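So you can see what is in the structure, the chains are spelled out below.
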Amino acid sequence: MSKDKNPRRVADNEAMAKLRMLRTSPQKLNLVAAMIRGKKVEVALNDLTFSKKRISDDVRKCLQSAIANAENNHNLDVDELVVAEAYVGKNLTMKRGRPRARGRFGKIIKPFSELTIKVRQVEEQS
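What you see as residue numbers is a count from 1 along each chain, following the sequence as written. Two thresholds apply to this predicted model, a pLDDT of at least 70 for residue-level local features and 80 or more for giving and counting side-chain atom pairs, whereas whole-chain, interface and lining totals are computed over all residues. The basis for the side-chain values is all heavy atoms of the structure; hydrogens and waters are excluded.

A. Highlighting the overall build of the chain. Each helix is a run of DSSP H or I of at least 4 residues and each strand a run of E of at least 2, with the numbering of both proceeding from the N terminus. Of the regular secondary structure elements, the chain holds three helices and three strands. Written out in order from the N terminus, the α and β elements of the chain read β-α-α-α-β-β. For the chain, the spread of C-alpha atoms along the three principal axes comes to 70 × 50 × 15 Å. Sequence separation of 24 or more characterises 71% of the internal contacts of the chain that already satisfy a separation of 6 or more. For the accessible areas, the method is Shrake-Rupley and the probe is 1.4 Å, while residue cover comes only from the protein chains on display. For the chain, the computed accessible surface area is about 8900 Å², with 47% contributed by carbon and sulfur atoms. Each charge class in the chain can be summarised by its mean position, and for the 27 positive and 15 negative side chains these summaries are 21 Å apart. Contact definition: two residues touch when any of their heavy atoms are within 4.5 Å. In this count, Lys and Arg are taken as positive residues and Asp and Glu as negative ones, while His and the chain termini are left out. Every charge is mapped onto a representative atom, which is NZ of Lys, CZ of Arg, CG of Asp or CD of Glu.

Pasting the structure below:
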């Protein structure tokens, strides 16, 4: 008696990659994620490669992971992939401090965030 197989969290024509513990604030990461939403995969990779944002390299790696998952695990065609969703969530926040004048304490907050990218196979219209 074995357990039933877990159902897929995404549709049959989708693949997903998740990146946790990114050392940036969710607000800054969402600017980069918004840059690739809804675009074709090769256009999104080019945008991330030539972006000046520091976190864009990590977002590009996550997108490449989603593409590899689509190709190897779900047998989807890479040329027809589109970034269906790219959303950002909060993760833990490290709290640090620094002594300030007159015995006070300056609070330093170091946020972490997580990124989820879903790619979907869309047939091109001729």
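B. The sheet that holds strand S2 (residues 81-99), seen in detail. The strand order across the open sheet formed by three strands is S1-S3-S2, and the pairing between neighbours is antiparallel. Pairing within the sheet leaves two strands with one partner each, and these edge strands are strand S1 (14-22) and S2. Strand-to-strand twist in this sheet, taken as the mean axis angle between neighbours without regard to direction, amounts to 10°. In this structure, S1 lies alongside strand S3 (residues 105-121), joined through seven bridges in antiparallel fashion. Paired with methionine 16 across the strands is lysine 118, a residue of S3. Note: two strands are recorded as paired if DSSP finds a minimum of 2 bridges between them. Axes here mean lines fitted to C-alpha atoms, for a helix over just the part in contact, with angles spanning 0 to 180 degrees between N-to-C directions.

C. The arrangement of the nonpolar core in detail. In this text, buried Ala, Val, Leu, Ile, Met, Phe, Trp, Tyr and Cys residues form a nonpolar core when linked through side-chain atoms within 4.5 Å. Residue burial is assigned from relative accessible area. The probe radius is 1.4 Å, only protein chains are included, and a residue is buried under 20% of its type maximum, exposed over 50%, and partly exposed in between. Formed by 25 residues in total, the largest nonpolar core has its most connected members in Ile36, Val59, Leu63, Leu115, Ile117 and Val119. Put simply, the parts of the chain that give this core at least two residues each are S1, helix H1 (26-36), helix H2 (41-49), helix H3 (56-72), S2 and S3. The element best represented in this core is H3, accounting for six residues. Ignoring sequence-local partners within four residues, the contact set of isoleucine 117 consists of Ala15, Met16, Ala17, Ile36, Val59, Cys62, Leu63, Ala66, Val83, Glu85 and Ala86.

D. Summary view of the side chain of serine 56. Here serine 56 lies in helix H3. Judged by relative accessible area, serine 56 falls into the buried class, the value being 1%. Those residues in contact with serine 56 that lie beyond four places of it in its chain are Val32, Leu48 and Ser51.

E. Structural detail: the pattern of salt bridges. The salt bridge criterion pairs a side-chain nitrogen of Lys or Arg with a carboxyl oxygen of Asp or Glu, the two atoms within 4 Å. Applying the stated rule across the entire model yields six salt bridges. The salt bridge involving aspartate 47 is made with lysine 39; its shortest N-O contact spans 2.4 Å. For lysine 39, a relative accessible area of 27% corresponds to the partly exposed category.

F. The arrangement of the side chain of serine 113 in detail. With respect to the secondary-structure elements, serine 113 resides in strand S3. Given the relative accessible area of 0%, serine 113 is considered buried. Polar contacts, as used here, are pairs of N or O atoms within 3.5 Å; protein pairs need one atom able to donate a hydrogen and one able to accept it. Residues neighboring in sequence count only if both atoms are side-chain atoms. Within the structure, the side chain of serine 113 is placed 2.9 Å from the backbone oxygen of threonine 24, a separation counted as a polar contact. Those residues in contact with serine 113 that sit more than four places away from it in its chain are Leu19, Arg20, Met21, Leu22, Thr24, Ser25, Pro26, Leu29, Val88, Gly89, Lys90 and Asn91.

From the geometry alone we can't say anything about function, so treat these as descriptive.
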